[in-house]
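What follows is the residue order along each chain.
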Amino acid sequence: MRIELNEFAPLKNVKVTDEFWGKYTDIARNVIIPYQWQAINDLVPDTEPSHAIKNFKIAAGEEEGEFHGYVFQDSDVAKWLEAVSYSLTIEKNEELEKTADEVIDLIGRAQREDGYLDTYYLVGDKGNEFTNLLDCHEMYCAGHMAEAAAAYYEATGKRKLLDIVCRFLDLIESRVGKEEGKIHGYSGHPELELALVRVYKATGEEKYLKFCEYLIDERGTEPYYFDEELKQRGYKNHWGGEQKTADRFYNQSYKPFREQTEAVGHSVRAGYLYTGAAALAAETGDESLLKACETLWDNATTKQMYVTGGFGSTVYGEAFSFDYQLPNDISYTETCAAISFAFFAQKMLRTDVNSKYSDVLERILYNGSISGMALDGKHFFYTNPLETWEEANKRAPGYRHNKTKRPGWFGCACCPPNLARLITSLGNYIYSSDDKCVYMHLYIGSEAEVKLSDKKIKISQKTQMPWGGKSEITLSGGKYAFAFRIPAWAGSADVKINGESADYELKKGYAYIEREWCDGDVIEIELPMEVQMIEANPNVRYDAGKVALQRGPVVYCIESADNGERLSSIKLKDEPEFRAVREDLLFEGEVSIYAKAVKKKAWETEDLYRAFTAGYDEIEIKAIPYAFWANREDTREMEVWIRR
């Protein structure tokens, strides 16, 4: 069966006017991007130095010094440039564009004459490029720079960075590939794969698609490249230790990609690889590749995803573990992992308008991604646990990767710029279209122009989401179908057109209405917004006897700041009598949830054990959106899953 595509409206054609996301977009453009510019220039006090810009200056011969940072430090600059590109698409800013141009000029001066561009090897481990694809992130950094180049070209029409990147990609392709005399390798940290598709779409050069296909299909084949590479290095890894074989699961090479059925290994690498494969399948019409992507999506999202849209349950390898193994207090759930699966969801939606993709996309956006950033836009979580106890985080081995306070920056700073580029590009996730239908995937206030085969359709969306269930969509005239998602959390929708009840056809979670539309026709959609108690599959042992609270797309948590300490002693009553109250506590419009509960009485002795006695205090708990936790100084404990 042929893959039928729908195309997302380009960012330049969508203006986000949403009250909720508008604040995040403003924070991204006016706080995060300037703050991260300071960070990559080592100008933020009391934070780990980045050295990212200085590495390029040393590579260009403009400063002296040694390479500093992780092998992937260049990617921080690339992701900053990508976020800047989206910001410039949203609103022109001559000063910001001038700064970006100066950075691009610097990158060009750092590039070697043959096209090579990676400061770790230009400044640090000189002469050893392409000898450690397993550990040293050359293709990963090239991928992020390629994404930035495509985005900057789309935003400004300027080709300089794109030309720089294409020279580097051409060099990589001349050294790596299936042909005799080339390195038969692929990326240790996938990212280049999805970037190659973007560069293909920017340039029209099919060689980039073919190279992407090679990288995906070569992965996991025999002889196993990473073991061959280790042998050539005398079985020494990047850190100087002896290593006889590479972990095939960690980097998703345990089987050829098309044979893989389980999401394994480093969760960010997995998300980027799957995104690249889905993007390639869409461009080439490769049905077997798309089927593999769908299989991996289903495993990851139905057996290994947290209720917050987080991925990666273990600190060891920042990785997936196995089906239903989803601990809450030691979960890793890296911010970048959630973001990578948002990218994956969008690529899958392009091939199949199905709410199983957009429901997860929405879950990630409102919960497991933005939880990685404080509301001031200047403090960030690398990991996003679903339960935390500050004392354990400080003192217990196995817990120290999790925090109750967001740091200002990290030495390994992949997550903050990733959030910036996701938030600033949000307009690219809301609408898509094919020849006959316009699709609305997300309830986000916006104005857009969407292309059908023979016309352009204007859309204006006003919505109360995520705090209220009412949305109003105004359309321009013409004969076409309009389809909008009915979220799984809603189950149903009350739909009216120009005030009159309207019928729709439900397909794969989307409501389709086809008619001759008149300019100014208004679709009113009302979704139920009751508080729901969510339970996990009984195979998720950590959540047995517990529920999570969700209202609309928002998952909630309880914090010690509102409910005192010993949150684990709290149980919801059989009839919790939920109250949803707008409080504007941390965010304008924010709704808190109150519920009847009991809390085990504190003991009057310091005994460690005693015979059981039933002693509970009647209390009312207060829950806040999970994304907003740890925005108050007095937070020492937090839980998403609450005992019944």
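Going by the structure above, here's the rest.
The rules behind the values
- Residues numbered from 1 in each chain as written.
- Predicted model: local features only at pLDDT ≥ 70, side-chain atom pairs only at ≥ 80, totals over all residues.
- Heavy atoms only, no water.
- Helix = DSSP H or I, 4+ residues; strand = E, 2+ residues; numbered from the N terminus.
- Rg over C-alpha atoms; globule rule 2.2 N^0.38 Å.
- Contact = heavy atoms within 4.5 Å.
- Areas by Shrake-Rupley, 256 points an atom, 1.4 Å probe, with all protein chains shown as cover.
- Lys, Arg positive; Asp, Glu negative; His and termini not counted.
- Charge placed at Lys NZ, Arg CZ, Asp CG, Glu CD.
- Pairing = 2+ DSSP bridges.
- Axes fitted to C-alpha atoms, helices over the stretch in contact; angles between N-to-C directions.
- Parallel < 35°, antiparallel > 145°, perpendicular 65-115°, else oblique.
- Left-handed = near helix turned anticlockwise from the far one by under 90°.
- Patch = residues over 30% accessible without salt bridge, like charges linked within 9 Å, V, L, I, M, F, W, Y side chains within 5 Å.
- Salt bridge = Lys/Arg side-chain N within 4 Å of Asp/Glu carboxyl O.
- Buried < 20%, exposed > 50% of the residue type's maximum accessible area, 1.4 Å probe, protein only.
- Core = buried A, V, L, I, M, F, W, Y, C linked by side-chain atoms within 4.5 Å.
- Expected span 1.5 Å × (residues − 1).
- Disulfide = S-S within 2.5 Å.

Asks: I'm lost on the overall build of the protein in this one. Help?
Replies: Tallying secondary structure elements over the protein gives 17 helices and 23 strands in all. Expected size for 644 residues packed as a compact globule is a radius of gyration near 26 Å; at 25 Å, the protein falls within 12% of this value. By its C-alpha atoms, the protein is 70 × 70 × 50 Å across when sized along the principal axes. The contacts in the protein between residues at least 6 apart in sequence include a share of 70% that link residues at least 24 apart. Counting every atom, the protein has about 25,800 Å² of accessible surface; 47% of that belongs to carbon and sulfur. Within the protein, one finds 78 positive and 106 negative side-chain charges whose respective centroids are separated by 1 Å.

Asks: Help me understand the sheet that holds strand β12 (residues 505–507) in this model?
Replies: Two modes of strand pairing occur in sheets, parallel and antiparallel, and in both the strands are linked by backbone hydrogen bonds. Across the sheet, 6 strands lie side by side as β1-β4-β5-β9-β13-β12; this open sheet has mixed pairing. At either margin of the open sheet sits one strand with a lone partner, and together these are β1 (7–8) and β12. Where β12 lies against strand β13 (residues 510–517), 3 bridges are found, and the strand directions are antiparallel. By the bridge assignment, Glu505 is partnered in β13 with Tyr512. The strands that helix α14 (residues 355–369) touches are β9 (478–485) and β13; relative to β9, the one it contacts most, it runs at about 60°.

Asks: Would you take a moment to explain the packing of helix α9 (residues 206–218) against helix α11 (residues 267–284) for this structure?
Replies: Each pair of packed helices gets described by two things: the angle between the helix axes and the distance between those axes. Contact geometry of α9 with α11 gives a least axis separation of 10 Å together with a crossing angle of 130°. When the axes of α9 and α11 are compared, the pair comes out oblique. For the pair α9 and α11, the crossing hand works out as left-handed. Here α9 contributes Leu209, Cys212, Glu213 and Ile216 to the contact with α11, which in turn contributes Leu273, Gly276, Ala277, Leu280, Glu283 and Thr284.

Asks: Is there a simple way to think about a negative patch on the surface in this case?
Replies: There is a patch of like negative charges on the surface, built from Glu472, Asp494, Glu524 and Glu526. Assignment of secondary structure puts Glu526 in strand β14 (residues 521–526).

Asks: Can you help me understand the pattern of salt bridges in this one?
Replies: Pairing of side chains with opposite charge becomes possible as their charged atoms draw close. Enumeration according to the criterion identifies 51 salt bridges in this entry. Residues Arg29 and Glu91 are paired through a salt bridge, measuring 2.5 Å at the closest nitrogen-oxygen approach. Of this pair, Arg29 sits in helix α1 (residues 19–40) while Glu91 sits in the loop between α3 (74–90) and α4 (94–110), and the two are 62 residues apart along the sequence. Residue Arg395 is joined to Glu391 by a salt bridge in which the shortest nitrogen-to-oxygen separation is 3.0 Å. Of the two residues, Arg395 and Glu391 are both situated in helix α15 (residues 390–395); the distance of 4 residues between them amounts to about one turn of the helix. When its relative accessible area of 29% is taken as the criterion, Glu391 is described as partly exposed. Beyond isolated ion pairs, a larger network of salt bridges with shared partners links Glu390, Glu391, Arg395, Lys405, Glu565 and Arg636.

Asks: Explain the environment of Lys462 to me, please; I cannot follow it from the model alone.
Replies: Along the chain, Lys462 turns up in strand β7 (residues 456–463). According to the relative accessible area criterion, Lys462 is exposed, its value standing at 56%. Residues Lys462 and Thr474, 12 residues apart in the sequence, show an inter-C-alpha distance of 8.6 Å. The residues touching Lys462, leaving out its near neighbours within four places in the chain, are Lys470, Ser471 and Glu472.

Asks: Whenever I open this one, the nonpolar core confuses me. Can you help?
Replies: Ranked by internal contacts, the top residues of the largest apolar core, which has 200 residues, are Tyr24, Leu81, Ile107, Phe257, Phe482, Phe484 and Ile523. When residues of this core are assigned to their parent elements, the largest contribution, 11 residues, is made by helix α13 (residues 335–351). Within the second largest apolar cluster, 16 residues are counted, among which are Phe381, Leu386, Val555 and Cys557.

Asks: So what exactly am I meant to see when it comes to the pairing of β9 here?
Replies: The side chains of a regular strand alternate, first on one face of the sheet and then on the other. Of all 8 residues in β9, 7 are buried; the element is thus mostly enclosed. Two strands pair when backbone bridges link them, and strand β5 (residues 437–440) and β9 are joined in this way by 4 bridges, in the parallel orientation. The residue bridging Met440 from the neighbouring strand is Phe484, located in β9. Note that β9 and β13 share 8 bridges and pair antiparallel. Considered in β13, the bridge of Tyr480 is made with Arg515.

Asks: What should I look at first to understand α3 in this one?
Replies: Turn by turn, an α-helix covers 3.6 residues, leaving residues three or four places apart pointing in a common direction. In a regular helix each residue adds 1.5 Å, so 17 residues correspond to 24 Å; α3 covers 25 Å between its end C-alpha atoms and thus fits that length. Counting buried residues along α3, 15 of its 17 residues qualify, which places the element largely inside the surrounding structure.

Asks: Looking at this structure, I do not really get the sheet that holds strand β6 (residues 446–451). What am I missing?
Replies: In spatial order, the strands read β2-β6-β7-β8-β14-β10-β11; together these 7 strands make up an open sheet with antiparallel pairing. Every interior strand has two partners, whereas the edge strands, β2 (14–16) and β11 (500–501), have only one. As paired elements, β6 and β7 share 6 bridges and run antiparallel to each other. Each bridged residue has a counterpart across the sheet, and for Ala448 the counterpart in β7 is Ile459.

Asks: How should I be thinking about the state of the cysteines in this particular structure?
Replies: Linking two cysteines covalently via their sulfur atoms produces the bond known as a disulfide. Under the defined criterion, the tally for this structure stands at 0 disulfides. Cys141 provides the cysteine sulfur closest to Cys136, a residue in no disulfide bond, and the two sulfurs are 9.9 Å apart. Judged by relative accessible area, which is 1%, Cys136 ranks as buried.

Asks: What's the story with the packing of helix α8 (residues 192–203) against α9 in this structure? I'm lost.
Replies: Close contact between α8 and α9 brings their axes to 8 Å; oriented N to C, the two are set at 165°. It follows that α8 is roughly antiparallel to α9 by the angle criterion. The handedness of the crossing between α8 and α9 is left-handed. The segment α8 lies against α9, with Leu192, Glu193, Leu196, Val197, Val199, Tyr200 and Thr203 engaging Glu206, Tyr208, Leu209, Phe211, Cys212, Leu215 and Ile216.

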